[in-house]
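# Residue-level structural notes
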Protein chains: 2
Amino acid sequence: MSVAEQIKPFLDPKSVALIGISRRTGTESLNVLEGMLEQGYKGKIYPVNPNASEIVGVKAYPTVADIPDGVDLAVVLTPREVVPDVVRDCANKGIRSVVVVGQGFADGVDGDGQRLQDEIVSITQGSGVRVVGPNTIGTANAFRDFSLSFLKLVDMEKIPVGLISQSGIFFGRINELNMIGKGIDLGNCCDVDHSDCLEYFEDDPDTKVIALHIEGIRDGKRFLEVAGRVSQKKPIVVLKTGRSQQASRAAQSHTGSIIGRDEVWDAAFRQCGLIRVDNVDEMSDLLKVFCYVPTMAGRGIGVLTFTGGLGIVAIDSCEAYGLEVVELASETRQRIIDVAPPWLGVGNPLDLWPAVMTGSRRYGDSLKDGLHMFMEDPGIHAAILILASWMERTTPSLTDVLLEVAHSFPQKPMVLCPYEGWLHDVRRKELEETLRKTGKVLVLPTGDRAIKALSRVAKYSEYRRSLAD
Amino acid sequence: MSVAEQIKPFLDPKSVALIGISRRTGTESLNVLEGMLEQGYKGKIYPVNPNASEIVGVKAYPTVADIPDGVDLAVVLTPREVVPDVVRDCANKGIRSVVVVGQGFADGVDGDGQRLQDEIVSITQGSGVRVVGPNTIGTANAFRDFSLSFLKLVDMEKIPVGLISQSGIFFGRINELNMIGKGIDLGNCCDVDHSDCLEYFEDDPDTKVIALHIEGIRDGKRFLEVAGRVSQKKPIVVLKTGRSQQASRAAQSHTGSIIGRDEVWDAAFRQCGLIRVDNVDEMSDLLKVFCYVPTMAGRGIGVLTFTGGLGIVAIDSCEAYGLEVVELASETRQRIIDVAPPWLGVGNPLDLWPAVMTGSRRYGDSLKDGLHMFMEDPGIHAAILILASWMERTTPSLTDVLLEVAHSFPQKPMVLCPYEGWLHDVRRKELEETLRKTGKVLVLPTGDRAIKALSRVAKYSEYRRSLAD
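Owing to the predicted nature of the structure, the values given are computational and were not obtained by experimental measurement. (Residues numbered from 1 in each chain as written. Chains lettered and ligands numbered in written order. Predicted model: local features only at pLDDT ≥ 70, side-chain atom pairs only at ≥ 80, totals over all residues. Heavy atoms only, no water.)

This next bit is on the pairing of strand β5 (residues 73-76) of chain B. In regular strands, side chains alternate between the two faces of the sheet. Residues and elements named next belong to chain B. Alternating positions in β5 separate into two faces, Leu 73 and Val 75 on one and Ala 74 and Val 76 on the other, with burial throughout. Where strand β1 (residues 15-19) and β5 come together, 4 bridges link them in parallel fashion. Residue pairing across strands places Ala 17 opposite Ala 74, the latter belonging to β5. Here β5 runs beside strand β6 (residues 97-100); their pairing, made up of 3 bridges, is parallel. In the sheet register, Ala 74 faces β6, and the bridge partner there is Val 98. The β-α-β motif built from β5, the intervening helix α3 (residues 83-93) and the parallel element β6 has right-handed crossover chirality. (Buried < 20%, exposed > 50% of the residue type's maximum accessible area, 1.4 Å probe, protein only. Helix = DSSP H or I, 4+ residues; strand = E, 2+ residues; numbered from the N terminus. Pairing = 2+ DSSP bridges. Right-handed = clockwise from strand over helix to strand, strands pointing away.)

Here's what the structure looks like:
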């Protein structure tokens, strides 16, 4: 059985045993069974609890051995002391995939935790049983309406992001992005690790981009080999935390991870073609760009603004992150000069404001003209629109203008960066979703963040092209 | 007349002449008169337009000379060719404060623009007339319901931020912050410059923190002297744009600014005690911290999370920006150990999740306990709460918990960093405003951004203390 086949039941189980599931349900109970039912999981669920004959209407069993059928995935929710025994029962029952949820194993400070985790490992090692955890929120798969996360508020969306994490936090949101296409929280990584999951996502047709959260890696050699191979097929975005000595110690106590010097990680990631981000905002922005817009064919950026001030900020950002605010083609320049006030310095970035102020055309029409001219310029591989002073009730509307331009230029991404109060408060989410459906236009909060994210996509594309040479 | 007295009419005029104001009103007309009336300006307004006897019900005059009364402030909205003549008329009328709104002066690429701007300067130099602009959105003062910004959507709020800018963009929002306490867009800076405005804000009782947007400075020596003096009384946050050669050239064309090497700026800002930010997000975060929470008494940070993963990210950030994730006092440690699971590594950051999972107390009560213990620790000068897995309908509510703790510890700031979908989409703005009113609790998007902003405030406090020694 390949590693990918071993990992599959964690994300796509036909049947799940919930061992030690509580009878307590409702608000604050965080009952996994209740959560799974609410999320619409279609497989079979076997609650295991010696003190209940049913929980929320589902027949319960006193022990794993009492379950009459075969089981794909066991989720162990018992107190830590009995976990090794439960894992042994699962192995005896022939269950080959086990998630251990509880905390207080290698992540604890008393000796007992480490001993208990070692016991789990020695029971399963060589038995064909794979273990995710301990200290995990579990796994989730939006394509199967399946989530072990006890948080009922988790938003799931069928997006092509595969998440491999050592913290449950990323199962909620990565900022404003509904993250969960598919996700695995590895917790303490006593058995299943990042490399195993990378092998699963490598050829998974639902996954276009892989997000990694790493506190530590046990088998560095294998990780480099697998990650280096997978990154040649799919982009891998990495948030490696625990840079400092203090953070490393905390990571050790959070997930019992083995850690190493940060510069070594940096070099290793670069060597494997992995894309390292510094924080959660960057992770979120970059995943959005990979998911929702076409890849830039080069580093040439066109910046359109309604404000000269932020155009200059955008040049600073391009310089810092390695994109090129290209000179406009002479045809593009001439077309703009023909409609601009005579004194306007026409170039890139282009401030549309003077044309709007002095011209007789409607706001939206001026914007549409400007975007068209920029998108037609062969040196511009992506356009960033930094919007300010745009009125909500203007016609044609912002959405109409962007949709029309996106339709005409399917190969070039556009990013909208709105500095508007009304867009932030009321309409952004709505606008974002409408535009996202085009597969060409994305909304990101600021020009700086848009340029940083696009630059990393451009560099990754170059990496992929360099491999093809 | 002191410089501060010269600048005052730009922000607090008793009467305003709008010269060249259009008769066109309504959507997309950007009519300044209409905007001023809507915003509730209480002073007298004199529209000047030879082709109208009234505009939106306000009596109009054919020329400046025809205005029967004295005028505090003239706003010139005519095409650029006639601006020098209008400015001369204003001077003859005895108006000592003139805003020139139009573009195409030193910001233009044809020779005419520079010549016209030079003419304005030669008319006013030595005459006692001060000029803001050209190429400006004007000035605004929320404390007087006064704004020349033609954008009717501008949000004004009586917040203690004085803005000195070279772009109109910051008159809308600085991201999610309603920026305008008082603001001046200097545009091309043909006369009134950053130093003049700093002298105004220096002793202005409405202004607690000053935000600067700089593309270029003409009189560097005076700026260093004034800024160095003012920063000893009030924090000055600077966004200096145009770092690269390309951006410098664009700044030259945007506002005709004289620019210089970025490292020179960096050193100069540091020498004067100015706080430089890299982008608009940082500007917004930092202004919020200065405006809305008490100053930290030291660099000690306490980090509370519901997620070990983001606790480690917070340590990375503290290390990067120079705050200290302090060791807990032994009393604090012992108090937490008494209520935590036996295996939990109790320290800072503290993951509240295990206590919530294994304890019998309600979510909100566990959080309140944890916050209380942290805030009482003498080494902790500010607490950051990184929230995840919090349910909207839990009681006691998040707001109640935070309000109660804030009430008990008036001298220590708390920052809430929510990773929750429901908080981002629906409740954040509401929650933010409720908490802001306490003057102790702030909401910022991520731990990383909160730590960066707090670190700068802590360093500024040290600077102020070092001056007092």
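Past the structure itself, the notes keep going.
Another aspect to go through is the relation of the copies chain A and chain B. Structural alignment of chain A on chain B gives an RMSD of 0.0 Å, achieved by rotating through 180° and translating 0.0 Å along the axis. Both copies of the chain, as the preceding transformation shows, are related through a two-fold rotation axis. A share of 100% of the interface residues of chain A reappears at the interface of chain B, consistent with the copies meeting face to face through the same patch. (Least-squares fit on C-alpha atoms with pLDDT ≥ 70 in both. Contact = heavy atoms within 4.5 Å.)

Next up on the list: the sheet that holds strand β1 (residues 15-19) of chain A. Residue and element names in this part refer to chain A. Read across the open sheet, the 5 strands follow the order β2-β1-β5-β6-β7; overall the sheet is parallel. At either margin of the open sheet sits one strand with a lone partner, and together these are β2 (44-48) and β7 (130-132). Averaged over all pairs of adjacent strands, the angle between strand axes in this sheet comes to 20°, irrespective of strand direction. Pairing between strand β6 (residues 97-100) and β7: 3 bridges, direction parallel. Note on β7: the bridge partner recorded for Ser 97 is Arg 130. (Axes fitted to C-alpha atoms, helices over the stretch in contact; angles between N-to-C directions.)

Residues and elements named next belong to chain B. In the contact formed by helix α5 (residues 194-202) and helix α6 (residues 220-230), the axes pass within 9 Å of each other and the chain directions differ by 20°. Judged by the angle between their axes, α5 and α6 are roughly parallel. The two elements α5 and α6 meet at a crossing, and its hand is left-handed. The residues of α6 that touch α5, namely those facing His 194, Ser 195, Asp 196, Leu 198, Glu 199 and Glu 202, are Arg 222, Phe 223, Val 226, Ala 227, Arg 229 and Val 230. Considering only residue class, the contact of α5 with α6 consists of 5 nonpolar, 2 polar and 5 charged. (Parallel < 35°, antiparallel > 145°, perpendicular 65-115°, else oblique. Left-handed = near helix turned anticlockwise from the far one by under 90°. Nonpolar A, V, L, I, M, F, W, Y, C, P; charged D, E, K, R; others polar.)

Scanning all chains against the criterion turns up 18 aromatic pairs over all chains. Taking 5.3 Å as the distance between ring centres and 50° as the angle between the ring planes, the aromatic pair formed by Tyr 41 of chain A and Phe 146 of chain A counts as tilted. Here Tyr 41 of chain A, found in the loop between α2 (32-39) and β2, pairs with Phe 146 of chain A, found in strand β9 (residues 146-147); they are 105 residues apart in sequence, far enough to count as distant. Each member of the pair, Tyr 41 of chain A together with Phe 146 of chain A, is buried. When the ring of Trp 353 of chain B is compared with that of Tyr 363 of chain B, the centres are 6.1 Å apart and the planes differ by 90°; the resulting orientation is edge-to-face. One end of the pair, Trp 353 of chain B, is in helix α12 (residues 353-358); the other, Tyr 363 of chain B, is in helix α13 (residues 363-376), and 10 residues separate them in sequence. Per residue, the accessibility class of Trp 353 of chain B equals that of Tyr 363 of chain B, and both read buried. Connected via pairs of aromatic rings, a cluster forms that spans Phe 290, Tyr 460 and Tyr 463 of chain A. (Phe/Tyr/Trp six-rings, centres within 6.5 Å; stacked < 30°, edge-to-face > 60°.)

All names here are of chain B. A sheet is described by the order of its strands in space; here 5 strands give the open sequence β2-β1-β5-β6-β7, paired in parallel fashion. Edge strands, defined here as strands with exactly one partner in the open sheet, are β2 (44-48) and β7 (130-132). Averaged over all pairs of adjacent strands, the angle between their axes in this sheet comes to 20°, without regard to strand direction. Where β1 meets β2, 5 bridges bridge the pair, whose relative direction is parallel. Considered in β2, the bridge of Leu 18 is made with Pro 47. Across the sheet, α3 is in contact with β1, β5 and β6; its angle to β6 comes to roughly 165°.

Moving on to the confidence of the model for chain A. Note: predicted coordinates in regions of low pLDDT should not be interpreted at a detailed level. For chain A, the average pLDDT comes to 90, and 94% of its residues sit at 70 or higher. Of the two predicted TM-score estimates for the complex, the pTM is 0.91 and the ipTM is 0.88. (pLDDT = per-residue confidence, 0-100.)

Turning our attention to the pairing of strand β13 (residues 182-185) of chain A. Residues and elements named next belong to chain A. Burial along β13 is two-sided: Lys 182 and Ile 184 facing one way and Gly 183 and Asp 185 facing the other are all buried. Here strand β8 (residues 139-141) runs beside β13; their pairing, made up of 3 bridges, is antiparallel. If you follow Asn 141 over to β13, its bridge partner there is Lys 182. Where strand β10 (residues 161-165) meets β13, 4 bridges bridge the pair, whose relative direction is parallel. By the bridge assignment, Ser 165 is partnered in β13 with Asp 185.

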